[in-house]
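Results of the structural survey
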Amino acid sequence: MIPELGHFALILALGLALIQAILPLAGSYTGNLAWMSTARPLAWGQFVFTAIAFALLLLAFLTDDFSVVYVASNSNTLMPTIYKVSAVWGAHEGSLLLWAGFLAAWGAAVAGLSRNIPLQVLARILAVMGMVGIGFLLFMLLTSNPFERIFPPPLEGRDLNPLLQDPGLAIHPPLLYMGYVGFSVAFAFAIAALLGGKLDAAWARWSRPWTTTAWIFLTLGIALGSWWAYYELGWGGWWFWDPVENASLMPWLAGTALMHSLAVTEKRGAFKSWTVLLAITAFSLSLLGTFLVRSGVLTSVHAFATDPARGTFILIFLCIVIGGSLALYAWRAPAVSGGGRFDLLSRESFLLANNLLLTLLTALILLGTLAPLIYEAMAWGKISVGFPWFNTMFVAVTPFLALLMGIGPMTRWKQDEPGRLARELRVPFILTGAASLLTVFLMPLLSLDWYLVPLGIGLAVWLLTAHIQAIRERLRHKNSPSAILRDLATNGRSFYGMILAHLGVAMFVVGVTMVANYGQEKDVRMSPGDSQEVAGYRFLFHGVRTQRGPNYMAMRGHFQIFDGEKPIADLWPEKRNYFASQKPMTEASIDWGFTRDLYVSLGEPLEDGDWALRLYYKPYVRWIWLGAVLMALGGLLAITDRRYRLARGLTRASADVAGATATARS
């Protein structure tokens, strides 16, 4: 009964999405208030039915209903309950249902919280989201039905991929999808503005908190995925430049540029066309990531599917979305006014340069990710684009990006004076130079790329000191010790959110610089009782014993870590073999620290009781993820700014009447 009800719920959601895509949009052009008013209940209804479908699939997993093909393929009776829950989105069909559910949830949130948006505009926004919903619901029902039945049902299911049987992977996909799908809201706002022919500061103000919220989720999702790869895959790295990792980074970079562009459009009325194009790009890159993960065109630990039919459907959908939106942009953009003018030396100029660099980075990652696929498709041979190329591109571009991040907040809108700006930046420049010189003289420079250490530390100090100076400049005429608190309580949260996010970037830069240049790794062969030294720490190997888990058997090693003669940690790395799938998995063991990680990965057993082992010292690696958390907290602080509280402004009734009246008169 569960599969039939779930399938029927999805059909009802598709029906509501079809009506949502047509009726409110038609009403926005004809001035029919009743048609426009259907947008909200239709969005809520679509969310209710996708939520019901998701709940039914979850119930099928929790009750071990192996008559459902998806459940039988990704679960078994021995799996812990937490992984039965995460298995709902652990493979292609379920993850697509989660995506459709989040899309409906975003639509329902826009319908319920956008009280200050005129009904005519809201009807167009929700109509666009309905169109996107149609694509994903059709994709699911036609090619990827999570409720497909099997008869007779097997007595036992298979297994969820052991790589995904981890708490981090239970949380990572929902966060990532919330970010991906969240950019559909920015996309819908942009398309609605193009349809209405009205791109103004109000549109940017409405769109900005939704865009920032999506960016927060995507930031946390990417950070959690990086952290999972670090501790779960056993190779000690935090970013592999895997094509699917890149597929999440590209919309994040485009979304970051979009947030900065929206700030200019809201404040000065400039960058309107640029902002719309970035909104289209961010969501298009999210769809491209979906194509890469689900089409089978690449092999990755993160990829879901290898069915070309599914890839063809997504590719067609991608072409419709990108082609249709760009065609609309080409039609409407020439009529968009340029907005407020600004001098070369102005905050607008630095934000424009910032966006150009972010767009350049996005294009470089896109090129590196797709180049092997393009070469193979064109029968030009095979090429591999990996660490060296991507790292070189980033090292070449990011120093300029960090420089602009420090100068931008210090620069005035519209125009500034070179002398004033030079005076404000004098101290940060001096401290940055001093920090870089001290790094050269005081820290060991171990590699041919020794210059990267003073460069990275210098950029971090530059970001820290420049933003402290920006705060001082903002509070220059407010001498009270509680000035920051009063500023936070009024209209300053967006500013301080920006400061916090940029300091997160500084922390991230320190983490990357230190772990890349001072991390140590040893591949060793050890017998029980042997010890090895890494970075001044002694790793004493006590041996390996067998231990049974809930659905696996593990060989569990024991290490004692010493700092000098003082024992500081016991580590227990494992080599697991899962009963259902018979797949081996390595579980690293890590002694976490604020300034360093000590990391042991258990390899293969050798003759005479010896083991192949990998020992790591990772200085400041945790700063990478703490920096990402600071960025997300900065975004969260920014969206609580009084200007973006969704209850502020017009009441729903007055907004609806104003929108309907304007439509009737036009």
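As a convention, each chain's residues are numbered from 1 in the sequence order in which they are written. Thresholds applied to this predicted model are a pLDDT of at least 70 for local features of residues and 80 or more for the giving and counting of side-chain atom pairs; totals over whole chains, interfaces and linings are not thresholded and use all residues. Side-chain calculation: all heavy atoms of the structure are included, whereas hydrogens and water are not.

**Description of the sheet that holds strand S10 (residues 611–619)**
Heads up, the condition is: Strand pairing is defined by DSSP finding a minimum of two bridges between the two strands. Helix numbers and strand numbers start at the N terminus; a helix is a DSSP run of H or I with at least 4 residues, a strand a run of E with at least 2. Working convention: axes come from line fits to C-alpha atoms, limited for helices to the stretch in contact. Angles between N-to-C directions cover 0 to 180 degrees. Contacts: residue pairs with any heavy atoms within 4.5 Å of one another.
Spatially, the 4 strands line up as an open sheet ordered S1-S10-S9-S8, and their pairing is antiparallel. Each having just a single partner strand, strand S1 (520–526) and strand S8 (589–591) make up the two edges of the open sheet. Adjacent strand axes in the sheet meet at a mean angle of 20 degrees, parallel and antiparallel pairs treated alike. Taken together, the 7 bridges between S1 and S10 define a ladder with antiparallel strand orientation. Looking at S10, one finds that Met526 is bridged to Trp611. On top of the sheet, helix H9 (residues 201–232) reaches S8, strand S9 (596–605) and S10; it is set at about 50 degrees to S9, its chief contact. Across the face of the sheet, helix H18 (residues 493–518) comes into contact with S1 and S10 while running at roughly 140 degrees to S10.

**Thoughts on the confidence of the model for the chain**
Operational definition: The pLDDT value tells you how sure the predictor is about a given residue, anywhere from 0 up to 100.
Model confidence for the chain is summarised by a mean pLDDT of 87, while 93% of its residues fall at 70 or above. Counted against residues more than four places away or in other chains, residues 646–666, with its pLDDT under 50, gives 33 contacts.

**Observations regarding the packing of aromatic side chains**
The condition is simple: Ring pairs shown here join Phe, Tyr and Trp side chains whose ring centres sit within 6.5 Å, with only the six-membered ring taken for Trp; geometry is labelled stacked below 30 degrees between planes, edge-to-face above 60, and tilted in between. Two thresholds decide whether a charge sits over a ring: the Lys NZ or Arg CZ must be within 6 Å of the ring centre and within 35 degrees of the ring normal.
Scanning the model with the defined rule gives 32 aromatic pairs in all. The residue whose ring lies beneath Arg124 is Tyr29, and the NZ or CZ to ring-centre distance is 4.6 Å. Against the face of Phe562 rests Arg538, its NZ or CZ located 4.3 Å from the ring centre.

**A few points about helix H19 (residues 622–639)**
Stated precisely, the cut-off is as follows: Helix span, expected: 1.5 Å multiplied by one less than the number of residues in the helix. Buried residues are those whose accessible area, probed at 1.4 Å on protein chains only, stays under 20% of the maximum for their type, while exposed residues exceed 50% and partly exposed ones sit between those limits.
An ideal rise of 1.5 Å per residue puts 26 Å on 18 residues; H19 measures up with 26 Å between its terminal C-alpha atoms. Burial in H19 covers these residues: Trp623, Ile624, Trp625, Gly627, Ala628, Met631, Ala632, Gly634, Gly635, Ala638 and Ile639. Tucked into the core, H19 has its buried residues touching H9, helix H10 (243–268) and H18.

**Observations concerning the environment of His92**
Examined against the element boundaries, His92 turns out to sit in helix H6 (residues 92–113). Using a relative accessible area of 2% as the deciding quantity, one classes His92 as buried. Placed 446 residues apart in sequence, His92 and Arg538 show a C-alpha to C-alpha distance of 44 Å.

**Digging into a nonpolar patch on the surface**
Our working definition: Here the term patch refers to residues with relative accessible area over 30% and no salt bridge, with like charges joined within 9 Å and nonpolar side chains (Val, Leu, Ile, Met, Phe, Trp, Tyr) within 5 Å. Surface accessibility in these figures is a Shrake-Rupley result with a 1.4 Å probe; residues are shielded only by whichever protein chains are displayed. Definition used for salt bridges: Asp or Glu carboxyl oxygen within 4 Å of a side-chain nitrogen of Lys or Arg.
A contiguous nonpolar patch, built from Val395, Leu437, Leu438, Val440, Phe441, Leu442, Trp450, Tyr451 and Leu455 and spanning about 900 Å² of accessible area, is present on the exposed surface. If you tally residues by element for the nonpolar patch, the top one is helix H15 (residues 418–442), at 5 residues.

**Some points on unusual backbone geometry**
The omega torsion across Phe151 and Pro152 is -5 degrees, close enough to zero to call that bond cis. Within the secondary structure, Pro152 is located in the loop between helix H7 (119–143) and helix H8 (167–196). Of note in the backbone geometry, Asp608 takes a positive phi value of approximately 65 degrees without being a glycine. Mapping Asp608 onto the fold places it in the loop between S9 and S10. For Asp608, a relative accessible area of 74% translates into the label exposed.

**Remarks on H6**
Relative to the 32 Å expected for 22 residues at 1.5 Å per residue, H6 spans 31 Å between its end C-alpha atoms, a close match to the ideal helical length. Counting buried residues in H6 gives 19 out of 22 residues, a clear majority hidden from the surface.

**Focus: the pattern of salt bridges**
Tallied over the full model, the rule gives 17 salt bridges. We note a salt bridge from Arg476 to Glu473, for which the minimum N-O separation is 3.2 Å. Residue Glu473 is classed as partly exposed on the basis of its relative accessible area, which comes to 22%.

**Side note on the packing of H9 against H19**
The cut-off we apply is this: In this scheme, roughly parallel covers angles under 35 degrees and roughly antiparallel covers those over 145, while 65 to 115 is roughly perpendicular and the rest are oblique. Definitions for this section: a left-handed crossing has its near helix turned counterclockwise from the far helix by less than a right angle. A right-handed crossing has that turn clockwise. The nonpolar class holds Ala, Val, Leu, Ile, Met, Phe, Trp, Tyr, Cys and Pro. Asp, Glu, Lys and Arg form the charged class, and all remaining residues, Gly among them, are polar.
Across the interface, H9 lies against H19 with an axial gap of 9 Å and an inter-helix angle of 165 degrees. By the angle class used here, H9 and H19 are roughly antiparallel. Taken as a pair, H9 and H19 cross one another with a handedness that is left-handed. Of H19, the residues touching H9 (which contributes Pro209, Thr212, Thr213, Trp215, Ile216, Thr219, Leu220, Ala223, Ser226, Trp227 and Tyr230) are Trp625, Ala628, Met631, Ala632, Gly635, Leu636 and Ile639. In terms of residue class, the contact of H9 with H19 is built from 13 nonpolar, 5 polar and no charged.

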